[in-house]
Amino acid sequence: MAGLQELRFPEEKPLLRGQDAAELENSDTFLVAVDTDWKEHDIETPYGLLHVVIRGSPKGNRPAIVTYHDVGLNHKLCFNTFFNFEDMQEITKHFVVCHVDAPGQQVGASQFPQGYQFPSMEQLAAMLPSVVQHFGFKYVIGIGVGAGAYVLAKFALIFPDLVEGLVLINIDPNGKGWIDWAATKVSAVRLEGGGVGWAGRPSHWLRPGPQLSSLTSTLPDTVLSHLFRQEELVSNTELVQSYRQQIGNVVNQANLQLFWNMYNSRRDLDINRPGTVPNAKTLRCPVMLVVGDNAPAEEGVVECNSKLDPTTTTFLKMADSGGLPQVTQPGKLTEAFKYFLQGMGYMPSASMTRLARSRTSSLTSASSVDGSRPQACTHSESSEGLGQVNHTMEVSC
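Source: prediction; values computed, not measured.

1. A closer look at the overall build of the protein chain
Helices and strands together make up the secondary structure of the protein chain, namely 16 helices and 11 strands. Counting over 397 residues, the protein chain shows a buried share of 56%. Of all intrachain contacts in the protein chain linking residues separated by at least 6 positions in sequence, the fraction that spans at least 24 positions is 74%. By element, 50% of the accessible surface of the protein chain is carried by carbon and sulfur atoms, the whole surface being about 16600 Å².

Encoded structure:
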């Protein structure tokens, strides 16, 4: 813990300022995009089609920013607020941005036929090289949330030469045991105000007919208990109700159930801190781990941090933030992302903002934007400390 540094941000106004409850209830709240120059593609992969949207084209030697959303969401519900945030435009003008939707989760997706086998988490990761090849990316910087963070981490483990950096929000590196699975189902039923019935039992116990529809009807609330901790479900009702509505109306429920089941059958992410076990596997690229201090994934992210190389990992724990920090605190996350990029040698002339004025810590650049592929980011107290490597930096916002 001696190597941990604390960095505090001034308070930021919360997401959706100026919007009232009526606006939040509108089903288009998170679906309106500022830009109209996004192009949609359906890309053939070894495990089926992937729907992606892309803006821009590869720029010199710079990587593409590739995003992957959490279960229950799609790229619009998960990332629109973040990428439409005003300060984020300073970043995106330098990079091509590619949003990936998990199979069948995009807006307007057709329902999969009966008997369709949803790709495993490993197969979802193995679909991504087809995206990289299709657009001619040299390598990518990934931004993933929850299930998407797990997929991108798995992608980086299998194809390390394609990944230059990762921002992993709410990642849980652990497989989900039966007790955890059952507890999630029971919690979802209770959110509906009912008792524990067949909907709280494993799928092979389900009886046909009304019991199955009972499970489907609670699916949005089951997902909400994954996205938000109980305290936030109670305290941030406007945001929660808006997401309940959109998870139920925007995402195909049968397809969502398949994705949810596969995520909950995932295996432990095979990573260990270098030197702790023989031939330890780890993420070789710079990583920024992000979690709100009131998020269900907090313990999982902390454990993931303990398994990564502390010389290339930044741990960002956001105070007064819940399960969706990219939605509720886009300004703070944008600022942290900017410095993460600068730590890899990109955007050295980006405007200096609250982080710089705090003078408590900074990430230093290693090379120019269009030069050779940058090295892993380093943490230093000041510009004089260029090249000095410290332990993981914990950041409280």
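2. A word on the pairing of strand β5 (residues 140–145)
The element β5 is extensively covered by neighbouring structure, given that 6 of its 6 residues are classed as buried. Judged by which residues are buried, β5 turns out to be covered on both faces: V140, G142 and G144 on one side and I141, I143 and V145 on the other are all buried. Pairing of strand β3 (residues 64–68) with β5, which is carried by 5 bridges, proceeds in the parallel orientation. Counterpart to V66 in the pairing with β5 is G142. Looking at chain direction, β5 and strand β6 (residues 163–169) are connected through 6 bridges and run parallel. Directly across from I143, in β6, lies its bridge partner V167. At this point the chain moves from β5, through helix α6 (residues 147–158), to the parallel β6, and the crossover so formed is right-handed.

3. Notes on the nonpolar core
Residues F137, L168, Y243 and F337 are the most contacted members of the largest nonpolar core, which totals 98 residues. Setting aside chain neighbours within four positions, we find L168 in contact with G144, A149, L152, A153, L283, V287, M288, L289 and V290.

4. Describing the side chain of N61
Residue placement: N61 occurs in the loop between β2 (48–55) and β3. In terms of polar contacts, N61 uses its side chain to reach the side chain of K138, at 3.5 Å.

5. Points about the pairing of β2
For β2, the tally of buried residues reaches 6 of 8 residues, placing the bulk of the element in the interior. Both strand β1 (residues 39–45) and β2 contribute to a ladder of 7 bridges, which runs antiparallel. From the neighbouring strand, D42 faces β2, where its bridge partner is H51. Hairpin connection between β1 and β2: a loop of 2 residues separates the two successive antiparallel strands. Here β2 pairs with strand β4 (residues 97–101) via 5 bridges, running antiparallel. Within β4, the position partnered with R55 by the bridge is V97.

6. A short note on the pattern of salt bridges
All told, the structure shown has 10 salt bridges when counted by the stated rule. Across the pair E90 and K338 runs a salt bridge, and its minimum N-O distance is 3.1 Å. Placement of the pair is E90 in helix α3 (residues 89–92) and K338 in helix α15 (residues 330–343), with a sequence separation of 248 residues. The class for E90 is partly exposed, based on a relative accessible area of 22%. Note that E122 and R267 form a salt bridge whose closest N and O atoms lie 3.3 Å from each other. Of this pair, E122 sits in helix α4 (residues 121–126) while R267 sits in the loop between α12 (253–263) and β7 (287–292); the two residues are 145 residues apart in sequence, bridging distant segments of the chain. Several salt bridges share partner residues, and in doing so they unite E122, K154 and R267 into one network.

7. Topic: helix α13 (residues 298–306)
Listed as buried for α13 are E298, G300, V301, C304 and N305. What you see down the axis of α13 is that its buried residues fit within an arc of 165°, all on one side.

8. Side note on the packing of helix α9 (residues 219–227) against helix α11 (residues 237–250)
Packing of α9 against α11 brings their axes to within 9 Å, and their N-to-C directions diverge by 130°. In terms of orientation, α9 lies oblique with respect to α11. Of the two possible hands of crossing, α9 and α11 adopt the one that is right-handed. In contact with P220, D221, V223, L224 and L227 of α9, α11 contributes V240, Y243, R244, I247 and G248. Residue composition of the contact of α9 with α11, by class: 7 nonpolar, 1 polar and 2 charged.

Procedures and definitions
Residues numbered from 1 in each chain as written. Predicted model: local features only at pLDDT ≥ 70, side-chain atom pairs only at ≥ 80, totals over all residues. Heavy atoms only, no water. Helix = DSSP H or I, 4+ residues; strand = E, 2+ residues; numbered from the N terminus. Buried < 20%, exposed > 50% of the residue type's maximum accessible area, 1.4 Å probe, protein only. Contact = heavy atoms within 4.5 Å. Areas by Shrake-Rupley, 256 points an atom, 1.4 Å probe, with all protein chains shown as cover. Pairing = 2+ DSSP bridges. Right-handed = clockwise from strand over helix to strand, strands pointing away. Core = buried A, V, L, I, M, F, W, Y, C linked by side-chain atoms within 4.5 Å. Polar contact = N/O pair within 3.5 Å; in protein donor to acceptor, adjacent residues only side chain to side chain. Salt bridge = Lys/Arg side-chain N within 4 Å of Asp/Glu carboxyl O. Arc of directions from axis to C-beta. Axes fitted to C-alpha atoms, helices over the stretch in contact; angles between N-to-C directions. Parallel < 35°, antiparallel > 145°, perpendicular 65-115°, else oblique. Left-handed = near helix turned anticlockwise from the far one by under 90°. Nonpolar A, V, L, I, M, F, W, Y, C, P; charged D, E, K, R; others polar.

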